[in-house]
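Residue-level structural notes
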Amino acid sequence: MNKTFGLIMALFILSCMEAINVCHAQQDATKSTIRDTTAIDQATLNTILEKNRQCYKQGKVADYIPELGKANAQSIALSVVNSNGTVVSAGDIQQKFTIQSISKIIALMIAVKENGEATIFEKMGYFGTDKPFNHFGNLETMGKPLNPMMNAGAILTTALIKGKGEEPFVKILKMIRFITNNEHIEYNHAVYNSERETGHRNRGMFYIMRNNGLIDGEGEEKLNNYFKQCSIEITVEDLAKIGYFFAHHCVRYDGNKEYLDPGLSQLIQSQMLIAGMYEFSGEYARTVGLPSKSGVGGGITVSVPGKMGIAAFSPALDQHGNSLAGYRMIFDLVKARQLSIFN
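Read on for an overview of the structure. (Residues numbered from 1 in each chain as written. Predicted model: local features only at pLDDT ≥ 70, side-chain atom pairs only at ≥ 80, totals over all residues. Heavy atoms only, no water.)

Time to look at the overall build of the protein chain. Looking only at helices and strands, the protein chain features 13 helices and nine strands. Buried positions account for 52% of the 343 residues belonging to the protein chain. In the protein chain, the share of contacts with a sequence separation of at least 24, taken over all contacts with a separation of at least 6, comes to 69%. If you sum the accessible surface of the protein chain, you get close to 15,600 Å²; carbon and sulfur atoms cover 53% of it. (Helix = DSSP H or I, 4+ residues; strand = E, 2+ residues; numbered from the N terminus. Buried < 20%, exposed > 50% of the residue type's maximum accessible area, 1.4 Å probe, protein only. Contact = heavy atoms within 4.5 Å. Areas by Shrake-Rupley, 256 points an atom, 1.4 Å probe, with all protein chains shown as cover.)

Below, the structure is given as structure tokens:
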């Protein structure tokens, strides 16, 4: 009797263990399927890019900075860094363009790491805005920039990075090189000189903040660092790697965790979400629903939290200063794969 009972119990335990193993196997298979369906492939990017190739005709290349006006409006590219770090791209992936306002998220990262979030945001707000990127905001009334994504806040952010002369700019350049794992990245001297010679509106913001005691020092070295950071040249794949970096708590696409910082990543992405597309940010949050940052050079970088980085490039801009074809490519990709954080 005891032997029979023992045999029955043994068979029962074995059957339970087999059921558990099958359950785990099914879960693993489900996870694998989720990963496979989330990953973006070459065919998807090609289809989306071709669909939006002619959108540039409805936009206009930025010409208020003379050198930017020389860009080829027909250039177009799309890139994704999938969750496993693999890069998939389509279009003019070798085309270099200046990073412009996308550099603001890198400068903010460095300024916060050096000074702390409280110190930085004591001098500016976390607010969104319904005004263009180069608007004076509330500088003349409240005395502080609305956020670090508008030009005034970005100029202040760069001015708060520690170092003399061009040291703050060099820190930004080195960080971009690290994130992209691309030591060949440099800045475009012609674009820098063009911005410095024509950037009188930014110069006005700089001197108002100097007058308000937010920026110290003499001369325009700190303003020149801002002009110079905007002139850094990258490709669409570099930009996708930046999106991936902030989507993964400041971990590089190849797994390098030197700057791992979930809190800082959350701060950067929150600012991208509420102000990264300027006065279009609210509508963009509704249609795309992802932390993103645009630049008047035609680039847009996107962070899909915990998943991937996306970047688009097309220099013809809409009325908000955002890449027209870039936005539409991102919209189509996000909609097709249900990538919005609100899904």
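With antiparallel pairing, five strands are arranged side by side in an open sheet as β3-β2-β8-β7-β6. The open sheet terminates on both sides in strands that have one partner only, identified here as β3 (87–91) and β6 (292–294). Going from strand to strand, the sheet's axes swing by 10 degrees on average, the running direction of each strand aside. Across six bridges, the pairing between strand β7 (residues 299–304) and strand β8 (residues 308–313) is antiparallel. Bridge assignment links V302 to a residue of β8, and that residue is I310. (Pairing = 2+ DSSP bridges. Axes fitted to C-alpha atoms, helices over the stretch in contact; angles between N-to-C directions.)

Moving on: the nonpolar core. One finds I105, I106, M209, I232 and F246 to be the most contacted residues of the largest nonpolar core, which totals 63 residues. Counting residues per element, this core draws most heavily on helix α3 (residues 103–115), which supplies eight residues. Core analysis: the second largest hydrophobic core is formed by 28 residues, I48, V302, I310 and L333 among them. (Core = buried A, V, L, I, M, F, W, Y, C linked by side-chain atoms within 4.5 Å.)

So, about the packing of helix α7 (residues 189–198) against helix α9 (residues 221–230). Running from amino to carboxyl end, α7 crosses α9 at an angle of 135 degrees, the nearest separation of the two axes being 8 Å. Relative to α9, the element α7 is oriented oblique. Read as a crossing pair, α7 and α9 show a hand that is right-handed. Contact residues: α7 offers Y192, E195 and R196, while α9 offers N224, F227, K228 and C230. Class assignment for the residues of the contact of α7 with α9 results in three nonpolar, one polar and three charged. (Parallel < 35°, antiparallel > 145°, perpendicular 65-115°, else oblique. Left-handed = near helix turned anticlockwise from the far one by under 90°. Nonpolar A, V, L, I, M, F, W, Y, C, P; charged D, E, K, R; others polar.)

This brings us to the packing of aromatic side chains. This model, assessed by the stated rule, comprises twelve aromatic pairs. Ring centres of F121 and Y126 lie 4.0 Å apart, and the angle between their planes is 5 degrees; on these two criteria the pair is classed as stacked. With a centroid separation of 5.2 Å and an interplanar angle of 80 degrees, the aromatic rings of F245 and F246 are classed as edge-to-face. Each member of the aromatic cluster is reached from another via a ring pair, and the members are F280, Y284, Y327 and F331. Note that K228 overlies the ring of F169, its terminal NZ or CZ placed 5.6 Å from the centroid. (Phe/Tyr/Trp six-rings, centres within 6.5 Å; stacked < 30°, edge-to-face > 60°. Lys NZ or Arg CZ within 6 Å of the ring centre and 35° of its normal.)

Moving on to the pairing of β7. Of all six residues in β7, six are buried; the element is thus mostly enclosed. Alternating residues of β7 divide into G299, T301 and S303 and I300, V302 and V304, and every residue in both groups is buried. Hairpin connection from β6 to β7: four residues lie between these consecutive antiparallel strands, with G298 at a positive phi of about 105 degrees. Taking the residues that link successive antiparallel strands as the turn, the β7-β8 hairpin has three residues, and the phi of G306 there is positive, at about 75 degrees.

What follows concerns the environment of G153. Along the chain, G153 falls in helix α5 (residues 151–159). Residue classification places G153 among the buried residues on the basis of a relative accessible area of 0%. Each C-alpha atom of the pair G153 and L139 lies 9.7 Å from the other, and the pair is 14 residues apart in sequence.

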